[in-house]
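# Coordinate inspection notes
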Amino acid sequence: MTSALGQGFVLLGLIAASFGAPFGYIAGARRSAAGLRWTRRLALVFAAAMAGACGVMWYALLSHDFSVSYVAQVGSLATPLHITIFSLWSSLEGSILFWGLILGLYISAAAIFQRRGHDDYLAYTLATLLGIGAFFTFLIASVADPFAPTPPPVPVDGPGPNPLLQNHLLMAIHPPMLYLGYVGMSVPFAMAVAALLRGQLGATWLRPMRRWLLVPTSFLTAGIMLGGWWSYEVLGWGGYWAWDPVENASFLPWLTGIAALHSGVVQQRRGTLKAWTVILIMITFLLTILGTFLTRSGVVNSVHSFTQSPIGPVFLGFLALCAAAVVVLLSLRIDTLVSEPSNERLISREGAFLLNNLLFVSLMFTVLVGTIYPIVAESLRGVKVSVGEPYFNRMAVPLFAGLLLLMGVGPALPWGGSDPKLARRALLRPLPAAGVGLALALLFGARSAPVLIVSAFAGFALWVTADQGLRPVRARRRREGGKGPLAALLVAPDRLGAYVVHLGVVVTFVAIAVSSTFQREAEATLRAGETLRLGGYEMTFRGAELVQEPHLERHQAEVEVSSNGRSRGVLYPSLNIYPNQREPIGTPAVRTTAGHDLYLTLMNVSGDGSIGLRAIRTPLVAWIWIGVVIMVVGTALCLIPTAAERRAAAPDAVPELAPSPAGGGR
Amino acid sequence: MRRATDIPAAAFLLFLAALPLPTAARAQSQDAGPDVDLPAAEGEYRPGLGVEASRELGDPQGEPLSGEELDRAVSLVAADIRCPKCQALSIADSGASSAQAMRAEARSLLASGYTRDQVVRYFEQRYGEFVLLEPRARGLNLIVWTAPAAIVLVGGLLVARRLRQRRRGGEEALAAYLEQVEQETAT
Amino acid sequence: MNRRVLLIGLGICLPVLLVLGFGFRHDPQVVESPLIGQPAPSFRLADLDGNVVDLEELRGTPVVINFWATYCVPCWVEHPLLMEGARRWQGEIHFLGVIFQDEPSLIAQFNAENGTWGPSLIDEGGRVAIAYGVYGPPETFFIDRDGTIVDKAIGAVSPEQLLDVATRLLSQPAEATG
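Residues numbered from 1 in each chain as written. Chains lettered and ligands numbered in written order. Predicted model: local features only at pLDDT ≥ 70, side-chain atom pairs only at ≥ 80, totals over all residues.

## A look at the overall build of chain C
Going by this rule: For helices the rule is a DSSP run of H or I covering at least 4 residues; for strands it is a run of E covering at least 2, with both sets numbered from the N terminus onward. The size measure is the radius of gyration over C-alpha atoms, and the globule rule it meets is 2.2 Å times the number of residues to the 0.38 power. Counting other C-beta atoms within 10 Å of a residue's C-beta gives its exposure: the residue is buried at 20 or more, exposed at 12 or fewer, and partly exposed in between, where C-beta atoms are placed from the backbone. Note that contacts rest on C-beta atoms placed from the backbone: two residues are in contact if these are within 7 Å.
Counting secondary structure elements, chain C contains five helices and seven strands. Ordered by position in the sequence, the α and β elements of chain C form the string α-β-β-β-α-β-α-β-α-β-β-α. Taken against the 2.2 N^0.38 rule, which gives 16 Å for 178 residues, the C-alpha radius of gyration of chain C at 21 Å runs more than 25% over that of a compact globule. With respect to the three principal axes, the spread of C-alpha positions in chain C is 80 × 40 × 30 Å. Out of the 178 residues belonging to chain C, those deemed buried represent 46%. Within chain C, contacts between residues at least 6 apart in sequence are counted, and of these 73% link residues at least 24 apart.

## Let's talk about the overall build of chain A
A count of helices and strands for chain A gives 23 helices and ten strands. Its C-alpha atoms give chain A a radius of gyration of 27 Å, within 12% of the compact-globule value 26 Å for 666 residues. Counted over contacts in chain A with a minimum sequence separation of 6, partners at least 24 positions apart contribute 72%.

## Focus on unusual backbone geometry
With omega at 0°, the peptide bond leading from A:P152 into A:P153 counts as cis. Structurally, the position occupied by A:P153 is in the loop between α6 (119–141) and α7 (163–166). Looking along the chain, the bond that leaves C:P137 and enters C:P138 is cis, with omega of -10°. Relative to the helices and strands, C:P138 is located in the loop between α4 (127–131) and β6 (139–143). One non-glycine residue with positive phi stands out, namely A:L273, at about 60°. Look at A:N564: it is not a glycine, yet its phi comes out positive at around 50°. Structurally, A:N564 is set in the loop between β4 (552–563) and β5 (566–571).

## Things to note about the interface of chain A and chain B
Applicable threshold: Ten residues, namely Ala, Val, Leu, Ile, Met, Phe, Trp, Tyr, Cys and Pro, are considered nonpolar, four, namely Asp, Glu, Lys and Arg, are considered charged, and the remaining ones, Gly among them, are considered polar.
Across the contact, 54 residues belong to chain A and 41 residues belong to chain B. Going through the elements one at a time, α14 (349–381), α15 (389–412), β9 (596–605) and β10 (611–619) of chain A are the ones with two or more residues in the side of chain A that touches chain B. With 14 residues, the single largest contributor to the side of chain A that touches chain B is α14(A). Among the residues forming the side of chain A that touches chain B, the class breakdown is 25 nonpolar, 22 polar and seven charged.

## Let's talk about helix α2 (residues 73–88) of chain C
Convention followed: Expected helix span is given by 1.5 Å per residue-to-residue step, counting one fewer step than there are residues. The angle between axes fitted to the seven-residue stretch ending at a residue and the seven-residue stretch beginning at it gives the bend at that residue.
Here α2(C) is 16 residues long and its end C-alpha atoms lie 24 Å apart, about the 22 Å a rise of 1.5 Å per residue gives. Along α2(C), the helix axis deviates most sharply at C:H79, where the bend reaches about 35°; the proline C:P80 sits within four residues downstream.

## Comments concerning the pairing of strand β8 (residues 589–592) of chain A
Residues and elements named next belong to chain A. Formally: A pair of strands counts as paired when DSSP detects no fewer than two bridges linking them.
Bridging between β8 and β9 involves four bridges; their strand directions are antiparallel. By the bridge assignment, V590 is partnered in β9 with Y599. Taken together, β8 and the strand that follows it, β9, pair antiparallel across an intervening segment of three residues.

## So, the sheet that holds strand β2 (residues 52–54) of chain C
Read across the sheet, three strands follow the order β1(B)-β1(C)-β2(C) without closing on themselves; strand pairing throughout is antiparallel. Of all strands in the sheet, those bounded by a partner on one side alone are β1 (50–51) of chain B together with β2 of chain C. Relative to β2(C), strand β1 (residues 43–46) of chain C runs antiparallel, the two being bridged by three bridges. Along β2(C), the bridge assignment pairs C:L45 with C:V53.

## A look at the sheet that holds strand β1 (residues 520–526) of chain A
Residue and element names in this part refer to chain A. Stated precisely, the cut-off is as follows: Here, axes are lines fitted to C-alpha atoms. For helices the fit covers the stretch in contact, and angles between N-to-C directions go from 0 to 180 degrees.
The antiparallel open sheet is built from four strands, whose spatial order is β1-β10-β9-β8. In this open sheet, the two strands that pair with only one neighbour each are β1 and β8. Each neighbouring strand pair of the sheet contributes to a mean axis angle of 15°, computed without reference to strand direction.

## Some words on the interface of chain A and chain C
Taken together, the 24 residues of chain A in the interface contact 19 residues of chain C. Contributions of two or more residues to the side of chain A that touches chain C are made by α13 (311–333) and α14 of chain A. Top contributing element to the side of chain A that touches chain C by residue count: α13(A), with ten residues.

## Re the domain arrangement of chain A
Residue and element names in this part refer to chain A. Convention followed: Start and end points for every domain follow an automatic or database-based domain assignment.
Split by domain assignment, chain A resolves into domain 1 (1–166), domain 2 (176–407), domain 3 (408–516 + 637–645) and domain 4 (520–622). Computed over C-alpha atoms, the centres of domain 1 and domain 2 are 25 Å apart. Of all the secondary structure elements, the ones that give two or more residues to the side of domain 1 that touches domain 2 are α5 (92–113) and α6. Examining the composition of the side of domain 1 that touches domain 2, we find that nine residues originate from one element, α6, more than from any other. Residues of the side of domain 1 that touches domain 2, tallied by class, amount to 17 nonpolar, seven polar and one charged.

## Some details on the confidence of the model for chain A
Here is the rule: Along the chain, pLDDT gives the predictor's confidence residue by residue, from 0 to 100.
On average, residues of chain A score 87 in pLDDT, and 93% of them reach the 70 mark or higher. Confidence over residues 652–666 of chain A falls short of pLDDT 50; this stretch has 19 contacts with residues more than four positions distant or in other chains.

## As for the nonpolar core
All names here are of chain A. Just so we agree on the cut-off: In this description, a nonpolar core means buried residues of the types Ala, Val, Leu, Ile, Met, Phe, Trp, Tyr and Cys, linked to one another by C-beta atoms lying within 7 Å.
Residues I107, L130 and M282 are the most contacted members of the largest nonpolar core, which totals 298 residues. Here this core takes 19 residues from α14, the largest share from any one element. Those residues in contact with M282 that lie beyond four places of it in its chain are F189, A192, V326 and L330. Counting 19 residues, the second-largest nonpolar core is a separate cluster that includes A589, L598, Y599 and L600.

## Concerning the environment of A:L332
By the secondary structure assignment, A:L332 is in helix α13. Each C-alpha atom, one on A:L332 and one on A:L197, is 9.5 Å from the other, the two residues being 135 residues apart in sequence.

## So, helix α8 (residues 170–184) of chain A
When the terminal C-alpha atoms of α8(A) are compared, their 21 Å separation across 15 residues agrees well with the 21 Å that a helix rising 1.5 Å per residue should span. Taken together, the buried positions of α8(A) are A:M171, A:H174, A:P175, A:M177, A:L178, A:Y179, A:G181, A:Y182, A:V183 and A:G184.

## Re the packing of helix α9 (residues 186–198) of chain A against helix α12 (residues 274–297) of chain A
Residues and elements named next belong to chain A. Heads up, the condition is: Throughout, the term roughly parallel applies to angles under 35 degrees, roughly antiparallel to angles over 145, roughly perpendicular to angles from 65 to 115, and oblique to all others. Each crossing gets its handedness from the near helix: less than a right angle anticlockwise from the far helix is left-handed, clockwise is right-handed.
Where α9 contacts α12, the two axes come as close as 9 Å, and the packing angle between them is 135°. When the axes of α9 and α12 are compared, the pair comes out oblique. Crossing hand, α9 versus α12: left-handed. Facing α9, whose interface residues are S186, P188, F189, A192, A195 and L196, α12 presents V278, I281, M282 and F285. The residue makeup of the contact of α9 with α12, split by class, is nine nonpolar, one polar and no charged.

## Description of the environment of A:Y578
Residue and element names in this part refer to chain A. With respect to the helices and strands, the residue Y578 is situated in the loop between β6 (574–577) and β7 (585–587). As for Y578 and Q166, which are separated by 412 residues in sequence, their C-alpha atoms are 9.9 Å apart. Apart from residues no more than four positions distant in its own chain, Y578 is found in contact with P163 and L552.

## Quick word on the confidence of the model for chain C
Residues and elements named next belong to chain C. Averaged over chain C, the pLDDT score is 88; the fraction of residues at 70 or greater is 95%. By mean pLDDT, helix α1 (residues 3–23) is the weakest element of chain C at 90, and strand β3 (residues 63–68) is the strongest at 95. This prediction of the complex comes with two scores: 0.88 for pTM and 0.87 for ipTM.

Structure, rendered in structure tokens:
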């Protein structure tokens, strides 16, 4: 019964999407208002069907209806309620159903919020989104059917979700964030397709597109960060990023998404880079599909892989179809997007943006090549190889350092082909800040070249970011205007937001550089009463106990922490043993301070009551997360309409500023 | 030689008879207290037992290390070796028991004078190229080593070409604009 | 139609798609051992009762070395097959078990209840497992009379493979050894 209801909703979604897509394209080609209305209705039907299907699945999960195969696969009577709710996305079929729900949300949001001033593109946009929706509902209805009835006999209890996913609440929010990022990239993609089909790309396209791109990029940022945090809090190896293939897969669209956001700025200011922005958006979308494929096909060895399933070839087919459509569409229509003439120099704001795009795209290709090279090696040489952390660090660190440098240099430079002397002076002014950064690093005992370089670049970037970010306030003060400094900043919240994001990036960069260089660790076998020492800390093992919980057994060690003769509290690293898994899963215990983290992992508990304890002291880890939070806040600021937009939103407003032929700071 | 074609059948029958075995074994392992086992502490081997690494590796080509120098050498080697049991983690990062054993092995080899290169080669000979987190720069692997530089280079050339064209284009556009203004003011 | 865009687009997308397609032909979990065809690393290990086994001394007779543990399910599955094999080729092929990251007490208990097919050797520190490049239990190495590793099984040994390799090992003339 439940199975049939769920399958019914999926079928409804499939029908709405596969009719809506061609319908929308026809409506778009004929510029039919009635056609657009119907396309919007079908889009809303699709969204409702997806919501219905997910609702049915949640109902089945919560009522432990093991006649539904997905529930029999991930459900368990002993699993706590909140974990049962999250188990919707804990396994392959459910995660694709959840994917459909998010796509539905985005489609309905596009259908509702894009009504005004975007009719030119909307039919095409919705048609493309529904096309993607048709593929996903097809997947759910065929090879990844979570609603398939369980073959009899129906079990009375299930195994419960993967223990790793049960171990921490972050698992509840990390995947949805990532999906919101991945799926959200479909909207700018659909808008780019619409722009190509229309053959025009004006301000009415660019503004909303940037916003629709900003939202998923921000979700992706948060999702990647939460993944790192989860890995740090749960996996117990003391790190947050392992360059695992699936981590890389989420990183790829993030890189090109950010590149597209930056090239969009140039397009907005100078009317150039139109075709390039569209290409970047399309690459970003293809990379999200590639990432999903890598996660779900099992072709790469990864901690995140779902089990091997027939879904892989189908997904690869979809990826090939999308890639072919993108390449053909681009080659047919790209010449319709004509950039304005402009004068560009290397040492100018535009030049910095070009280099920024160059570095982001190079970084993306580097990570892509490293990620799929093991498959190449195996196919051609018949040998399994690994491309891992040392390689990626070696390759990516210089590129990231370059980006950090550009983040300081770019905003300091004036737009356009202005006087080179002016540009030189703009670059000399922040140099003392770079010196301060370098001196601070030396003072704290840094001697390794990468850290010193990053510190100097960070000082430079920080000065420029603050200088540029606060420029409206200074301008206001000079003019003795009536509004306060905050109001002055909020005249152009997107500008402020951009510099807030940059601030977050600098914080995260520095924190990553320092934390990965100055990590120290110690490991020992301790009997009760014995002490392990590390970096000024004394950790005394008091004893271990076995805690019984309904769905797991936990060995919990009590470790008293003190430094400088003062007690710093008690930490409880533990090892969880799930009934259906032999290898225990550790839960580290972390003491976080502004300066560093003390990270304790329980390696093992032996019969005689002694434990293996590993302690890691890592500086500045907390600032990685703080930096990302600053980035997300900055992005939120960017989404607030600017004063100009607020005026434009008012009735009978004049269209927005056309790209100005000669630049000049804002 | 004895013919043994009936083995699969016999084995299958035995397998059927042994089906209750897993449950029995599981029950045992739960009775036996905490089944979280402790690997032997680093460096404690009974003399004369185990593997003689020297026979596999040849003579040590470096100086025996100890103390902090040894710690540093161990973590350098460990960071480059992939933990065979886990995914994408090095044996330096992984807490898996086999990773701990491999760290201990690296430590004992380095302590007896084997060089970093010898130790890495030892692991590579045993587990295959798969355990090297950084592929060796030879043969097909050169793709991975040259690609990033090649991409930056090609991209850089494209950017340079664009800047040159734009400079010219900008000047032409400006000239055309001035000409137009001149014509309009003339009439 | 912009030819350049078409060619560049295809030039980037096609190789990536081809590579991903090739990915399906391989199981990412199975890694071939580079030791096949190489001399088996020699070792001296004591079993649960303290009797020392030296691989070197077994030269001249084929050897099957199985790395196993009580917590590994495929090890239970292959146990009866190894029992049968050890019985069938008694005196012709040596069957050695090496304990992989497990407690000797659990192994003893397991053996007491399910029988043994050969000595259970204690590999302290897991050094022998490292010398053989063992990824995880069970892994089985087949060594011929000359002490060369001729084959390796990852996961539970299948009856077909055991029979096939054993036949190959025994067909090698005994005189060939030096």
